[in-house]
Amino acid sequence: MAQFKPLVFSGVQPTGNLHLGNYLGAIVKFVELQKTHECIYCVVDMHAITVQQDPEQLRSSIREVTAAFIACGIDPKTHIVFNQSQVAEHAELAWVFNCVARMGWLNRMTQFKEKAGKDRENVSVGLFAYPALMAADILVYRATHVPVGEDQKQHLELSRDIAQKFNNDFAASIEKYGHGDAFFPLPEPLIQGPATRVMSLRDGTKKMSKSDPSDNSRLNLTDSADTIAQKVRKAKTDPEALPSEIAGLAGRPEVDNLTGIYAALVDRSKEDVLREFGGGNFSTFKNALVDLAVAKLGPIGDEMKKIASDNAYLDSVLVDGGNRARAIAAPNMKAVKDILGFIS
Ligand code: TYM
């Protein structure tokens, strides 16, 4: 495989409140990767409209995710932060990928099956084609590394399949672009640590999600200290004590989840956390978790609220990021058109 310059890309949808799952599964990694890589972080507004959105609500959610990125420690000057719809090349490459990806590949996507449910005939075509747009988001920059939570793994595998098929199908006209026979890298998912799949606080078998009707199922980045304390104290557990070893978490999804959350927030392993709290009762552990969650999320929520009131600043970050993103995407898209045989 040809060598590509390391470049990180990831995206977050502007739909509803950002929660602890988004933070631990993705945004914490975004922040960390800034130290070692060039990074592009995108508010994926075009993905959001695969289901119906209220325009005013969407506008404010785009700004809210931007504020969250910055409040969590993403530096939009050194790296790139922007909203997807500003860079038309995402949509342009997505069309090409709609013609590369096979129906059978998309038919296997479990997230589509879950989201469409029994109402398949009535969901948008965009919801079905969504993973091809996601592949375009990454590959329009020829990004090499993609930090995401576990739920995006299958979409990342599809992105690799699309990149590989494009490289194979057009190998002959790709050669002159200088990476041997590969125009696109096969992007590598970065799914690591103890909280790649944060579960609902009310049901350890369900993913923590923006769309869960119960707000008690998740910790939002903007929750107050009191709300965090209440939600953690109400979090479902079971009657047994906390185990001292990982093996003791088997068949206890809620306990496993709270242990993973604690470990990720304090940046230690689950083993380590169980060594400290194992054998003790839940109220001691939950009190420690409340203190930790408030210490970590409190300042982020405060900072978000501060920045969120400054629309002019947030919009200027997005426009500046959009311009810099386009400068990378445009020559790549021009090359793709040439490879395909388009005249431009
Ligand atoms: P989205 O907006 O649903 O979620 C944003 C990020 O948060 C992660 N995440 C979680 N991680 C752990 N536990 C959870 N309960 C949890 N819930 C969400 C997601 O895995 C994701 O990393 N399709 C993507 C957005 C996207 C994208 C991209 C990502 C569009 N284009 C290109 C990477 C590269 C999505 O809907 O994420």
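Preceding this paragraph is the structure being described.
The following paragraphs examine the structure supplied in this document. Note that the structure is a prediction, hence the values are computed from the model and not measured.

The rules behind these values
- Residues numbered from 1 in each chain as written.
- Predicted model: local features only at pLDDT ≥ 70, side-chain atom pairs only at ≥ 80, totals over all residues.
- Heavy atoms only, no water.
- Phe/Tyr/Trp six-rings, centres within 6.5 Å; stacked < 30°, edge-to-face > 60°.
- Helix = DSSP H or I, 4+ residues; strand = E, 2+ residues; numbered from the N terminus.
- Buried < 20%, exposed > 50% of the residue type's maximum accessible area, 1.4 Å probe, protein only.
- Near = heavy atom within 4 Å.
- Polar contact = N/O pair within 3.5 Å; in protein donor to acceptor, adjacent residues only side chain to side chain.
- Areas by Shrake-Rupley, 256 points an atom, 1.4 Å probe, with all protein chains shown as cover.
- Core = buried A, V, L, I, M, F, W, Y, C linked by side-chain atoms within 4.5 Å.
- Contact = heavy atoms within 4.5 Å.
- Axes fitted to C-alpha atoms, helices over the stretch in contact; angles between N-to-C directions.
- Parallel < 35°, antiparallel > 145°, perpendicular 65-115°, else oblique.
- Left-handed = near helix turned anticlockwise from the far one by under 90°.
- Nonpolar A, V, L, I, M, F, W, Y, C, P; charged D, E, K, R; others polar.
- Salt bridge = Lys/Arg side-chain N within 4 Å of Asp/Glu carboxyl O.
- Expected span 1.5 Å × (residues − 1).
- Bend = angle between axes of the 7 residues up to and from the residue.
- Pairing = 2+ DSSP bridges.
- Right-handed = clockwise from strand over helix to strand, strands pointing away.

### Details of the packing of aromatic side chains
Two aromatic rings are characterised by how far apart their centres lie and by the angle between their planes.
Part 1: Tallied over the entire structure, the rule returns 15 aromatic pairs.
Part 2: With a centroid separation of 5.1 Å and an interplanar angle of 80 degrees, the aromatic rings of Phe 112 and Phe 128 are classed as edge-to-face. Taken together, the residues Phe 112 in helix α6 (residues 110-116) and Phe 128 in helix α7 (residues 125-139) connect sequence positions 16 residues apart. The burial state of Phe 112 is the same as that of Phe 128; both residues are buried.

### As for the site of the ligand
Part 1: Taken together, 27 residues lie around the ligand, and Gln 13, Tyr 130, Asp 137, Asp 151 and Val 198 are the ones closest in.
Part 2: Contacts to the ligand include Gly 21, whose backbone N or O atom sits 3.1 Å from a nitrogen atom.
Part 3: A distance of 2.4 Å is found between an oxygen atom of the ligand and a side-chain nitrogen or oxygen belonging to Asp 151.
Part 4: Relative to its unbound accessible area of 720 Å², the ligand is 96% covered by the protein chains.

### Focus: the nonpolar core
Part 1: In this structure, Leu 20, Tyr 23, Leu 24, Phe 69, Ile 261, Leu 265 and Phe 285 are the most contacted members of the largest nonpolar core, which totals 62 residues.
Part 2: Ignoring anything within four residues of it in the chain, the contact list for Tyr 23 reads Val 28, Cys 72, Leu 221, Leu 265, Leu 297 and Ile 300.
Part 3: Of all hydrophobic cores here, the second largest spans 49 residues; its members include Met 46, Met 134, Leu 158 and Val 336.

### Focus: the packing of helix α11 (residues 253-266) against helix α13 (residues 282-308)
When two helices pack together, their arrangement is captured by the angle between the axes and the distance separating the axes.
Part 1: For the pair α11 and α13, the least separation of the axes is 10 Å and the interaxial angle reads 40 degrees. Between α11 and α13, the angle falls in the class oblique. Two packed elements cross with a definite hand, and for α11 against α13 that hand is left-handed. Contacts between α11 and α13 involve Val 255, Leu 258, Thr 259, Ile 261, Tyr 262, Leu 265 and Val 266 on the former and, on the latter, Phe 282, Phe 285, Lys 286, Ala 288, Leu 289, Leu 292, Ala 293 and Lys 296.
Part 2: Split by residue class, the contact of α11 with α13 holds 12 nonpolar, one polar and two charged.

### Comments concerning the pattern of salt bridges
Part 1: If you walk through the whole model with that rule in mind, you get 20 salt bridges.
Part 2: The residue Asp 212 makes a salt bridge to Lys 206 at a minimum N-O spacing of 3.6 Å.
Part 3: Overall, Lys 206 belongs to the partly exposed group, its relative accessible area being 42%.
Part 4: A salt bridge links Glu 276 to Arg 268, with the shortest nitrogen-to-oxygen separation between them at 2.9 Å.
Part 5: For Arg 268, a relative accessible area of 27% gives the class partly exposed.
Part 6: Among the charged side chains, a salt-bridge network with shared partners connects Asp 215, Arg 218, Asp 223 and Lys 231.

### A short note on the packing of α11 against helix α12 (residues 270-277)
Part 1: It is at 9 Å that the axes of α11 and α12 come closest, and there the two elements cross at 105 degrees. Put simply, α11 runs roughly perpendicular to α12. Contacts between α11 and α12 involve Asp 256, Thr 259, Gly 260, Tyr 262 and Ala 263 on the former and, on the latter, Lys 270, Val 273, Leu 274 and Phe 277.

### A closer look at α13
Part 1: Here α13 contains 27 residues, and its C-alpha end-to-end distance of 36 Å stays within 8% of the 39 Å for a straight helix at 1.5 Å per residue.
Part 2: Where α13 bends most, the angle comes to about 30 degrees, and this point is Leu 297, followed within four residues by the proline Pro 299.

### Details of the side chain of His 90
Part 1: Along the polypeptide, His 90 turns up in helix α4 (residues 89-100).
Part 2: Setting aside residues no more than four positions away along its own chain, His 90 makes contact with Phe 9, Cys 42, Met 46, Phe 82, Gln 84, Leu 133, Ala 136, Asp 137, Val 140 and Tyr 141.

### Details of the pairing of strand β2 (residues 39-43)
Within a regular strand, side chains alternate between the sheet's two faces.
Part 1: Across the five residues that make up β2, a large majority, five, are buried.
Part 2: The sheet contact formed by strand β1 (residues 8-12) and β2 spans five bridges and is parallel. Note on β2: the bridge partner recorded for Gly 11 is Cys 42.
Part 3: With helix α1 (residues 20-33) bridging β1 and the parallel β2, this β-α-β connection has right-handed handedness.
Part 4: Relative to strand β3 (residues 80-83), β2 is paired through four bridges, and the arrangement is parallel. The residue of β3 that forms the bridge with Tyr 41 is Val 81.

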